[in-house]
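One letter stands for each residue in the lines below.
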Amino acid sequence: MKPEEKEIEKIRSAFSKADSLLEKLEEKLKAKVLCFICHMSITYSVVYRLNKIIRKFPKEVETLAVLIDSGGGDIDAASKMVKLLRSYCKTYISIIPFFAKSAATLLAVSADKVIMCRGAELGIVDPLVRDPITGIFIPASSLRRAIDFIHKAEDPLIKLSLADKIPPS
């Protein structure tokens, strides 16, 4: 057997084991299980792909359990995901084996029931806003702290120069 064939066989074996475990989890929870493992930023393109996947489900499932492993991303996209997931089920369960941070925390805590493994972590929900000039996402709490700092400044020239550095919202 060639090395690449061995690698393909390992992957098939891993998927087979995962399928078996997911079937057991579905039986135990009496739910349709969806794995959402997203190690890139949650964006609207991720929501679009999720929609393509979830449209293959029956019209509505009684209980949908979403296994979440994500560092987060755009809070608005995560909010859209919650709305999408809820439109396909009566009961929504989130399962966090490792971590659901930032926008993924919103995805997790929006469920009717949250199941966390012993080492699982949730993060704070810190919305990110896009700087219209650079396109970079900035934590909204950072902007709030910057504005508070500017308000406390006594010198009007300092206020003006600092206010110039905050992107318009």
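Model, not experiment: these values are computed from the prediction.

Draft legend 1. Spatial organisation of the overall build of the protein. From N to C terminus, the protein includes 6 helices and 8 strands. Shown N-terminal to C-terminal, the secondary structure of the protein runs as helices and strands in the order α-β-α-β-α-β-β-α-β-β-β-β-α-α. For 169 residues, the compact-globule estimate of 2.2 N^0.38 gives 15 Å, and the protein exceeds it by more than 25% at 21 Å. Within the protein, the fraction of its 169 residues that count as buried is 33%. In the protein, once contacts between residues fewer than 6 apart in sequence are set aside, the share between residues at least 24 apart is 60%. Each charge class in the protein can be summarised by its mean position, and for the 27 positive and 21 negative side chains these summaries are 4 Å apart.

Draft legend 2. Fine view of the confidence of the model for the protein. Confidence in the prediction for the protein averages 86 pLDDT; 94% of positions are at 70 or higher. Mean pLDDT across the secondary structure elements of the protein bottoms out at strand β7 (residues 128–130), with 71, and peaks at strand β5 (residues 113–116), with 96.

Draft legend 3. Here's a closer look at the packing of aromatic side chains. This model, assessed by the stated rule, comprises 0 aromatic pairs. Against the face of phenylalanine 57 rests lysine 32, its NZ or CZ located 5.2 Å from the ring centre.

Draft legend 4. Spatial organisation of the nonpolar core. Grouped together as the largest cluster of nonpolar side chains are 28 residues, with contacts concentrated most on Phe36, Leu64, Val66, Ile68, Leu85, Tyr92 and Leu107. Put simply, the parts of the chain that give this core at least two residues each are β1 (32–38), α2 (44–54), β2 (61–70), α3 (75–86), β3 (89–96) and α4 (103–109). With 5 residues, the single largest contributor to this core is α3. Those residues in contact with leucine 64 that sit more than four places away from it in its chain are Lys32, Leu34, Ile54, Phe57, Leu85, Cys89, Thr91, Tyr92 and Ile93.

Draft legend 5. Up close: the environment of serine 94. Here serine 94 shows up in strand β3. In this structure, the C-alpha to C-alpha distance between serine 94 and isoleucine 115, residues 21 residues apart in sequence, is 6.1 Å. Leaving out residues up to four positions away in the same chain, serine 94 has contacts with Val66, Ile68, Ala108, Ala111, Lys113, Val114 and Ile115. There is a polar contact of 2.8 Å between the side chain of serine 94 and the backbone oxygen of alanine 108.

Draft legend 6. Main features of the pattern of salt bridges. Scanning the model with the defined rule gives 3 salt bridges in all. Notably, a salt bridge pairs arginine 86 with aspartate 112, separated by 3.2 Å at the nearest N-O pair. With arginine 86 in helix α3 and aspartate 112 in the loop between α4 and β5, this residue pair connects regions lying 26 residues apart in the sequence. On the accessibility criterion, arginine 86 (29% relative accessible area) is partly exposed. Put simply, lysine 101 and glutamate 121 hold a salt bridge, and the shortest N to O gap is 2.8 Å. Of this pair, lysine 101 sits in the loop between β4 (99–100) and α4 while glutamate 121 sits in strand β6 (residues 121–122), and the two are 20 residues apart along the sequence.

Draft legend 7. Geometry of the pairing of β1. Two elements, β1 and β2, share 7 bridges in a ladder whose sense is parallel. When the bridges of β2 are listed, isoleucine 37 appears paired with aspartate 69.

Draft legend 8. A look at unusual backbone geometry. Located in the positive-phi region is lysine 30, a residue other than glycine, with phi close to 55°. Of note, lysine 30 is situated in the loop between α1 (3–29) and β1. With a phi angle near 55°, serine 102 is a residue other than glycine that sits in the positive phi range. Looking at the element boundaries, serine 102 is found in the loop between β4 and α4.

Definitions and limits used
Residues numbered from 1 in each chain as written. Predicted model: local features only at pLDDT ≥ 70, side-chain atom pairs only at ≥ 80, totals over all residues. Heavy atoms only, no water. Helix = DSSP H or I, 4+ residues; strand = E, 2+ residues; numbered from the N terminus. Rg over C-alpha atoms; globule rule 2.2 N^0.38 Å. Buried < 20%, exposed > 50% of the residue type's maximum accessible area, 1.4 Å probe, protein only. Contact = heavy atoms within 4.5 Å. Lys, Arg positive; Asp, Glu negative; His and termini not counted. Charge placed at Lys NZ, Arg CZ, Asp CG, Glu CD. pLDDT = per-residue confidence, 0-100. Phe/Tyr/Trp six-rings, centres within 6.5 Å; stacked < 30°, edge-to-face > 60°. Lys NZ or Arg CZ within 6 Å of the ring centre and 35° of its normal. Core = buried A, V, L, I, M, F, W, Y, C linked by side-chain atoms within 4.5 Å. Polar contact = N/O pair within 3.5 Å; in protein donor to acceptor, adjacent residues only side chain to side chain. Salt bridge = Lys/Arg side-chain N within 4 Å of Asp/Glu carboxyl O. Pairing = 2+ DSSP bridges.

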